[in-house]
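Here is what each chain is made of, one letter per residue.
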Amino acid sequence: MALRYSDCMTVRQTLPLLWLLSDLRNDAGLERALADIPRGSGFVFRHYHLSGAHRRGRFDTLADVARSHGHTVVLAGNEAGSGEWGADGFYGAQRSDRTGLWLATAHDADEIRAAEEGRADGVFLSPVFPTASHPGAPTLGVDAFRKLATRTSVPVIALGGMTQDRAAQLQWPRWGAIDGLASANAA
């Protein structure tokens, strides 16, 4: 039996509708993007290109900016624990021993099912549209995305080539972006 949204979330937690994900491509614009997106949005710190003290330092800087605007801060990567970094949760394909929100990643029905079974608090379903992260990769498109997203009780966040215009085309309340919210070429 599928979990219900309220089974995964505490009373005080709500899952933001808009999510900004960090990447080397959008690093230069992140402080401004975090200030510009609506208060109470979400921020996923990926920055896989950094390691050690550089990664931790950049996380601390961006987490401070995000929190000053009321954003939820989620950590991606293999760090020992999101709580140790002061993150509100973690991002990845599988639940770990980390605390807080778990935002799973999925590309198909099997991965969504795994997120349900693992009690994910939300799932990033991608790629909806062509994306710079995975050039030439197959995409879900509007119809396949909606078919998958409406068959789960776990809140789904659209990802992959998302912009405000594409979110409107998709007619889906939750979405996230890398380039579509923070890159120099974002509209």
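Heads up: the structure comes first, above all this text.
Note that the structure is a prediction, hence the values are computed from the model and not measured. (Residues numbered from 1 in each chain as written. Predicted model: local features only at pLDDT ≥ 70, side-chain atom pairs only at ≥ 80, totals over all residues. Heavy atoms only, no water.)

Here we look at the overall build of the chain
Right, on to step 1. Helices and strands together make up the secondary structure of the chain, namely eight helices and eight strands.
Right, on to step 2. Counting the 187 residues in the chain, one finds 51% classified as buried.
Right, on to step 3. For the chain, the proportion of contacts with a sequence separation of at least 24, taken over those separated by at least 6, is 51%.
Right, on to step 4. Summed over all atoms, the accessible surface of the chain reaches about 9300 Å², with 50% contributed by carbon and sulfur. (Helix = DSSP H or I, 4+ residues; strand = E, 2+ residues; numbered from the N terminus. Buried < 20%, exposed > 50% of the residue type's maximum accessible area, 1.4 Å probe, protein only. Contact = heavy atoms within 4.5 Å. Areas by Shrake-Rupley, 256 points an atom, 1.4 Å probe, with all protein chains shown as cover.)

As for unusual backbone geometry
Right, on to step 1. The residue after Ser-126, namely Pro-127, is reached through a cis peptide bond having omega -10°.
Right, on to step 2. Along the polypeptide, Pro-127 turns up in the loop between strand 6 (122-125) and helix 6 (141-149).
Right, on to step 3. At His-47, a position not held by glycine, the phi torsion is positive, near 40°.
Right, on to step 4. Positionally, His-47 belongs in the loop between strand 2 (42-45) and helix 3 (52-68).
Right, on to step 5. Assessed through its relative accessible area of 1%, His-47 is described here as buried.
Right, on to step 6. Even without being a glycine, Gln-171 presents a positive backbone phi close to 55°.
Right, on to step 7. As for its position among the elements, Gln-171 is in the loop between helix 7 (164-170) and strand 8 (175-177).

Observations concerning the nonpolar core
Right, on to step 1. Ranked by size, the top nonpolar core spans 42 residues in total, and within it Phe-43, Leu-125, Phe-145 and Met-162 carry the most contacts.
Right, on to step 2. Contact partners of Phe-145, with chain neighbours within four places excluded, come to Leu-125, Val-128, Leu-140, Val-156, Ala-158, Leu-170 and Trp-172.
Right, on to step 3. Leu-21, Val-74, Leu-103 and Ile-157 belong to the second-largest nonpolar core, a separate cluster that totals 12 residues. (Core = buried A, V, L, I, M, F, W, Y, C linked by side-chain atoms within 4.5 Å.)

Some remarks on helix 5 (residues 109-117)
Right, on to step 1. Residues of helix 5 that are buried: Ile-112, Ala-115 and Glu-116. Seen end-on, helix 5 carries its buried residues on one side only, within an arc spanning 100°. Those residues of helix 5 that are exposed and angled more than 90 degrees off the buried face are Asp-110 and Glu-117.
Right, on to step 2. The elements touched by buried residues of helix 5 are strand 5 (101-106), strand 6 and helix 6.
Right, on to step 3. Its side-chain oxygen at 3.2 Å from the backbone nitrogen of Asp-110, Asp-108 defines the N-terminal cap of helix 5. (Arc of directions from axis to C-beta. Polar contact = N/O pair within 3.5 Å; in protein donor to acceptor, adjacent residues only side chain to side chain.)

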